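Chain and residue survey
These are the residues of each chain, in order.
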Amino acid sequence: MQLGIYLLVAATALDLSVLAYPSPENPWTRPERLAARNVPERRSGSGLSNCHWDNVIALVELLQPNKSAALPYLNGNGNAPDRYARAAIQFQATDEPYIQDYMVGPLPISSRTTLQPLNYYYNKGVGKQRVYHTDLQAEIKFYAQIGASVADITLDLWNGTFMGLANDSIYLKGFEPLRISHRSAVTWGQFWGFPIGNPDDRAAVLPLGLYVKVDIYGRDPSKWSVHGWFYNGIFYRNTRAFRKAYFSPGFKKLGANVDGPWAQLNREGDPLPMDTVAAPLQVQPEGPRFGVDVKEKYVEWMDFSFYISFNRDTGMRLFDIKFRGERIIYELGLEEALSHYASNDPMQSGVAFLDTLEGFGRVAFELVQGYDCPSHATFLNTSFFTNEETRTHLNSICLFEMDTGHPLQRYASSNAVSVTKSMVFTVRSVSAVGNYDFIFDYEFYLDGSIHVTVRLSGYIQAAYWAHNSDYGFKIHDNLSGSMHDHVINYKLDMDVNGTANSLMKTTVVPTKERYPWSNGDWVNTMKLRKSFVNNERHSKINWSPNSATTYTVVNKDALNKYGEYRGYRISPVTSSTTFLTVQDSASLKKSGGWATHNLYALKQKDTELHSASPYNNLDTGNPVVNFDKYFDGESLDQEDLVLYDRPPQMINARSSMAIVPQNFHLDNPSRATRQQVRVTFGGGKLAQAEKFGSRHATCNFDMNNAAPNLEAYKGDLVVPKYPFLPNNATFVPVLPGS
Ligand SMILES: [Cu+2]
């Protein structure tokens, strides 16, 4: 296979990290560099020269090494795992385009190196998926033809047209995922106002409430068809029926959502009092109190150490997280993020974005110093693959320590008060996925806890307000806030006291007890009920009401000196306990198995690497990874456990889960910090302030050093949510006004 040769050549250029003192080689480092390769021979004999009929290399990046190979190396009794590249080719020189994954390795190229299909972690049996969106410019042209067929109506309704012309002021587009069935690929499109000026996702708040159903199956646009219209709660079977109704007496015309300052990102409102005074900020007077091996992306802060990895689909991942030199987590990373909408309109009703298709790593933008992260943060670059080459996102991960501003510990008595500062270390990246920016944090606490937090910001994808008060609140002239669930799934591979782990369940239950001292009376009280989740048949878990039940990963053979299991507990930080509300979603089909519960426990397997795949989005009824199939009755008793957890429902666009030591330490590790004080007093005055050896910086700090250096900001690529074009991250649909 000709392309295979080019993959071999491309993979040769993977930059192989060498052992860097003092940290061992990071087996999960992404290749930092991949030479651009011109692949002229990739074109098939189709005779067409349009690029959408060319096969393209959609991805070349490091294939995550198997845990079975990496663990012996990490434990010092094995060699570094062989490096393989994961490569994907999108075959477009065919009537039935598809994308397929390959593995190339071991690297560097030697007589042992082979190219073979990458199938082992796709439980469909093959890492291959049909792609129904390949002729994107033709799609836009098709939508423009539809726009032209009702240009008189759109002109009358909104004083605008969409015909693929320079003076168009509205547009029409379909939404993901396509509803795939036998020889049909259906989506509902909607007309939207086009934002004034640069194209951006502000369009998401400019819906116009006219919907059209299309079938874009196949590669011959002349066979694509319109299957109905929807307006003001009424369905019309075809364009003729809609036009006839529109021009009949009494047809009710609704208002538009029009772009304006209300939809734009500017400071607005009256200035706040004293807001011209420089705001408080934290500084790092004597430099960072953590270590980063930039090349190996290895980090040490206080009692923690870990490696950072990065890939196109899910962005930042952490590996080999140790506390006091003891591994507690092998792997922690995002798996998938879903936004499932609901409305009475057919478009919003069907929208269920599975965002890894966009590639969280691909859109992990350069961070703005002093705003995204404190100015004193350390910034790291990441790389991503697009246009058949690897490119760099500058300063796209930040690491910083800060004082949360509230005491971590406090105790007052009649002659003393003791207070400990809460210092937290954060690793952050931001992915700009269409109308939402995802802010991903891993926060490390002095007591050995880790918080995983996602914050969402950006533009909502609003719905047009028409008869849908049951699906959201009216937030502007003709705009519904449009209810939707965000479900975000993480993989958490815990190794607590080794890999032989069990999931302990502790429930607080109300009870009625008779005690020897209660004189025969029943006492209404509560007690702990302890058990284990022993099998994958029972390992789809929902948080219990009133936080009654906790789940803790333990090793039954590792007890502390009091006979308790040393463990780490998984629990939500934010209080809501919801999962995906929609049941048996017609949009998600078999691709939403990870979104139905709060927590899942599975036995670790190299062949069950992820809960989802970006390729699922391309045909949700035929996923390459069907999470439900992982639950096949295997024992979870003293096995290597992997948890899949979703932080609960977005409340104030923030969601967080905690991984907390439970009987793991005999002491409280946070007591080791010097950042505490014990003030003793008596007789109305201070007796002593014990500072435990902590120092306050006494230098004159130049505040210029705390100011963000915005001049250094380079900016980043713009990647629209739609459509998906793997070989061109900068692709922007040709739309009016752009
Ligand atoms: Cu949202």
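Residues numbered from 1 in each chain as written. Predicted model: local features only at pLDDT ≥ 70, side-chain atom pairs only at ≥ 80, totals over all residues. Heavy atoms only, no water.

Looking at an unreviewed UniProt entry, one finds the chain named Amine oxidase and attributed to Uncinocarpus reesii. For the chain, the Sequence similarities (unreviewed entry) comment in UniProt is given as "Belongs to the copper/topaquinone oxidase family." (UniProt positions renumbered as here; feature names shortened; annotations may be inferred.)

**Description of the coordination of the copper ion**
For the copper ion, the full set of protein donor atoms is Tyr436 (OH), His484 (NE2) and His486 (NE2), and the range of their distances to it is 1.8 to 2.0 Å. Read N to C, the donor residues that coordinate the copper ion are spaced as Y-x47-H-x1-H. In this pair, Tyr436 sits in strand β21 (residues 436-445) while His486 sits in strand β26 (residues 484-494), placing the two residues 50 residues apart along the sequence. Tyr436 sits in the buried class, given a relative accessible area of 7%. (Donors = N, O, S within 2.8 Å, 3.2 Å for Na, K, Ca; no water. Helix = DSSP H or I, 4+ residues; strand = E, 2+ residues; numbered from the N terminus. Buried < 20%, exposed > 50% of the residue type's maximum accessible area, 1.4 Å probe, protein only.)

**Side note on unusual backbone geometry**
With glycine set apart, most residues show a phi of negative sign, and most peptide bonds adopt trans. With an omega of -5°, the peptide bond between Gly105 and Pro106 qualifies as cis. Among the secondary structure elements, Pro106 is positioned in strand β3 (residues 98-107). In this chain, Leu107 is followed by Pro108 through a cis amide linkage whose omega measures -5°. Along the chain, Pro108 falls in the loop between β3 and β4 (114-117). The phi dihedral of Asn232 is positive, around 50°, even though this residue is not glycine.

**Quick look at the side chain of Asp135**
Relative to the helices and strands, Asp135 resides in the loop between β5 (128-130) and α3 (136-149). Among the polar contacts made by the side chain of Asp135, one reaches the side chain of Arg219 at a distance of 2.6 Å. Apart from the residues lying within four places of it in its own chain, the contact partners of Asp135 are His52, Trp53, Arg219 and Trp224. (Polar contact = N/O pair within 3.5 Å; in protein donor to acceptor, adjacent residues only side chain to side chain. Contact = heavy atoms within 4.5 Å.)

**Describing the environment of Val212**
Tracing the sequence through the fold places Val212 in strand β9 (residues 207-215). Along the primary structure Val212 and Thr239 are separated by 27 residues, whereas in three dimensions their C-alpha atoms are 8.9 Å apart. With residues up to four places along the chain from it excluded, the contact list for Val212 reads Ile146, Leu172, Thr187, Trp188, Gly189, Val226, Gly228 and Trp229.

**Here's the deal with the UniProt feature "modified residue: 2',4',5'-topaquinone" (unreviewed entry) in the chain**
Sequence positions flagged by UniProt for "modified residue: 2',4',5'-topaquinone" (unreviewed entry) are, in local numbering, Tyr436. Discounting chain neighbours no more than four positions away, the residues touching Tyr436 are Tyr341, Ser431, Leu456, Ser457, Tyr459, Ile460, His484 and His486.

**Section: the side chain of Asn617**
For Asn617, the location among the structural elements is in the loop between β32 (599-603) and β33 (641-645). By relative accessible area, Asn617 is classed as buried at 5%. Setting aside its immediate chain neighbours within four residues, Asn617 contacts Pro177, Leu354 and Leu357.

**Notes on the packing of aromatic side chains**
Enumeration according to the criterion identifies 43 aromatic pairs in this entry. Here Tyr298 and Tyr307 contribute two aromatic rings whose centre-to-centre distance is 5.0 Å and whose plane-to-plane angle is 55°, an arrangement assigned as tilted. Through pairs of rings, three or more aromatic residues link up here, namely Trp158, Phe191, Trp229, Tyr231, Tyr236, Phe242, Tyr246, Phe247 and Phe251. It is Arg219 that lies over the ring of Trp53; its NZ or CZ is 3.7 Å from the centre. In this structure, Lys540 is placed above the aromatic ring of Phe631, and the distance from its NZ or CZ to the ring centre is 4.9 Å. (Phe/Tyr/Trp six-rings, centres within 6.5 Å; stacked < 30°, edge-to-face > 60°. Lys NZ or Arg CZ within 6 Å of the ring centre and 35° of its normal.)

**Some remarks on the pattern of salt bridges**
Under the counting rule described, the total for this entry stands at 31 salt bridges. The salt bridge involving Lys67 is made with Asp495; its shortest N-O contact spans 3.0 Å. Taken together, the residues Lys67 in helix α2 (residues 67-74) and Asp495 in the loop between β26 and β27 (502-513) connect sequence positions 428 residues apart. Between Arg289 and Glu401 there is a salt bridge whose closest N-O contact spans 2.8 Å. In this pair, Arg289 is assigned in the loop between α5 (239-246) and β12 (290-293) and Glu401 in strand β19 (residues 389-412), connecting sequence segments 112 residues apart. Residue classification places Glu401 among the buried residues on the basis of a relative accessible area of 7%. (Salt bridge = Lys/Arg side-chain N within 4 Å of Asp/Glu carboxyl O.)

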